[in-house]
Structure formats: C-alpha cells, structure tokens
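Descriptive structure summary
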Amino acid sequence: MECPRCPSVELAKENYEGVEIDRCPQCKGAWLDYGEVSKIVEKRQVVFSQEFKAEAMAETFRGVPQEAQESRIPCPECMRMMTTFNYGSDSGVILDKCKKDHGFWFDNDELEKVQALRESWQDEASKRGDEWKKLISSEPSEEEPYDGTLSPFKLLVNLFYD
Ligand SMILES: [Zn+2]
Ligand SMILES: [Zn+2]
C-alpha cells in the first residue's frame, strides 16, 4: 500500500503496542483499521507526560475546519477519497476515514494524541466517577449549547462516529 500523502512511498509494517499497523517512513502517518484503532486506544502501554496530555486537551475543539474538509486524501486500499471527522466529536484531532470502512488515517502524531486524550478522559472519568456515570446514563441532548467542556457521553460511547 502506498502512503496517501507521499507519492510512491510504500507504507511499512510496524509493531505499535503489540498491534501491527502500516506507517509511512517519510511523513510518519499511520493507517489503521477499526479493530486496530480500538485495540490501541484500549491499551495504556505508552505513558504520556502531563505536558503532552495537557497540550492535547488544550487543542480540543468541535467540528471540522474548512481547510481540513477540503484537503482530501485517498484511501490507500480502495483509492476513494476519504472523509474527515473530529475524533470523539470534539477532540480537535481531525482524522481521515474511508467511506467504505477500510480504515483510518492518522497524520504524524495524531495516533499518540488520540491515545493521550483517551488517557486524560479516563483519568477524568475515574476522578469524577458518579458525576460521569450520571451523565453517561442520561440521554444526550443535541440541542444543548456547547459550554466548552468535553462531552463524556460522546467520548466514551461514541468514539468514532458523530
Ligand atoms: Zn507519507
Ligand atoms: Zn477504502
């Protein structure tokens, strides 16, 4: 498979936390299918510094910026143009996803960022156990105005699709 960003650069197999992924040796982008993504985010082998987590948390926002919507890249498997989405709906990490569900493209450090965010969310969730459990069990309302905080319901239950 070729890198969707770098012309005629072959993706190389790499072992990432015990999961075999395809990574571009040039731009360091990574190609993962749904199962591989879930396996990696469930593991906590990579330990992130508080600084890295804080940085990832500080960059969170909702929606997909115009420029990210326009910079389309092809799926390395089927060559169809992929679609962009905001991981966890408000993480601020914009990933590319194959419309035929072949997989997800993570640019450079996006995979690490997604993991760091998951860790922060999990830390936060265990800290505020009851409060979060309540939120998770209540029906989410799409009409509620966004108050700048991450939505734990979306993060824990609806990680990949809005
Ligand atoms: Zn590349
Ligand atoms: Zn595809």
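Predicted model, so just to flag it, every value in this text is computed and none were measured. (Residues numbered from 1 in each chain as written. Chains lettered and ligands numbered in written order. Predicted model: local features only at pLDDT ≥ 70, side-chain atom pairs only at ≥ 80, totals over all residues.)

Moving on: the overall build of the protein chain. A count of helices and strands for the protein chain gives six helices and six strands. Counting the 162 residues in the protein chain, one finds 24% classified as buried. (Helix = DSSP H or I, 4+ residues; strand = E, 2+ residues; numbered from the N terminus. Buried ≥ 20, exposed ≤ 12 C-beta atoms within 10 Å, placed from the backbone.)

Further remarks concern the pairing of strand S5 (residues 94–97). Direction of pairing for strand S4 (residues 83–86) relative to S5: antiparallel, over a ladder of four bridges. Following the sheet pairing, Asn86 is matched in S5 by Ile94. Between S5 and strand S6 (residues 104–106), which follow one another and run antiparallel, lie six residues, and Asp101 among them has a positive phi close to 60 degrees. (Pairing = 2+ DSSP bridges.)

Attention now moves to the pairing of strand S2 (residues 19–23). For strand S1 (residues 12–16) and S2, the ladder comprises five bridges, and the chain directions are antiparallel. When the sheet's bridge partners are listed, Ala12 is paired in S2 with Arg23. In this antiparallel pair of consecutive strands, S1 and S2, the connection spans two residues, and Glu17 shows a positive phi of 50 degrees. Counting the residues that bridge the hairpin from S2 to strand S3 (residues 30–32) gives six residues, and of these Lys28 lies at a positive phi of roughly 70 degrees.

Once that is clear, we can look at the sheet that holds S3. Pairing within the open sheet is antiparallel, and its six strands lie in the order S1-S2-S3-S6-S5-S4. What marks the edges here is a single partner per strand, and that holds for S1 and S4. In this sheet, adjacent strand axes meet at a mean angle of 35 degrees when their direction is disregarded. By the bridge criterion, three bridges tie S3 to S6 in an arrangement that is antiparallel. Across the sheet, residue Leu32 finds its bridge partner in S6, namely Phe104. (Axes fitted to C-alpha atoms, helices over the stretch in contact; angles between N-to-C directions.)

Glancing now at the confidence of the model for the protein chain. For the protein chain, mean pLDDT is 80; residues scoring 70 or higher make up 76% of the total. Note that residues 139–144 has pLDDT below 50 and, in this model, one contact with residues that lie over four places away or in other chains. (pLDDT = per-residue confidence, 0-100. Contact = placed C-beta atoms within 7 Å.)

This paragraph deals with unusual backbone geometry. Here the phi dihedral of Lys28 falls at roughly 70 degrees; this positive angle occurs in a residue that is not glycine. Looking at the element boundaries, Lys28 is found in the loop between S2 and S3. Its identity is not glycine, yet Asp101 carries a phi of approximately 60 degrees, on the positive side.

This part takes up helix H4 (residues 110–127). With 18 residues, H4 ought to run about 26 Å at 1.5 Å a step, and its terminal C-alpha atoms sit 25 Å apart, in line with that. Restricting attention to buried positions, one finds in H4 the residues Glu110, Leu111, Lys113, Val114, Gln115, Ala116, Leu117, Arg118, Ser120 and Trp121. (Expected span 1.5 Å × (residues − 1).)

Ranked by size, the top nonpolar core spans 25 residues in total, and within it Ala30, Trp31, Leu32, Leu95, Phe104, Trp105 and Phe106 carry the most contacts. Of all the secondary-structure elements, those providing two or more residues to this core are S3, helix H1 (34–42), S6 and H4. If near-sequence neighbours (up to four positions away) are discounted, Trp105 is found in contact with Pro4, Gly29, Trp31, Ile73, Met82, Leu95 and Asp96. (Core = buried A, V, L, I, M, F, W, Y, C linked by C-beta atoms within 7 Å.)

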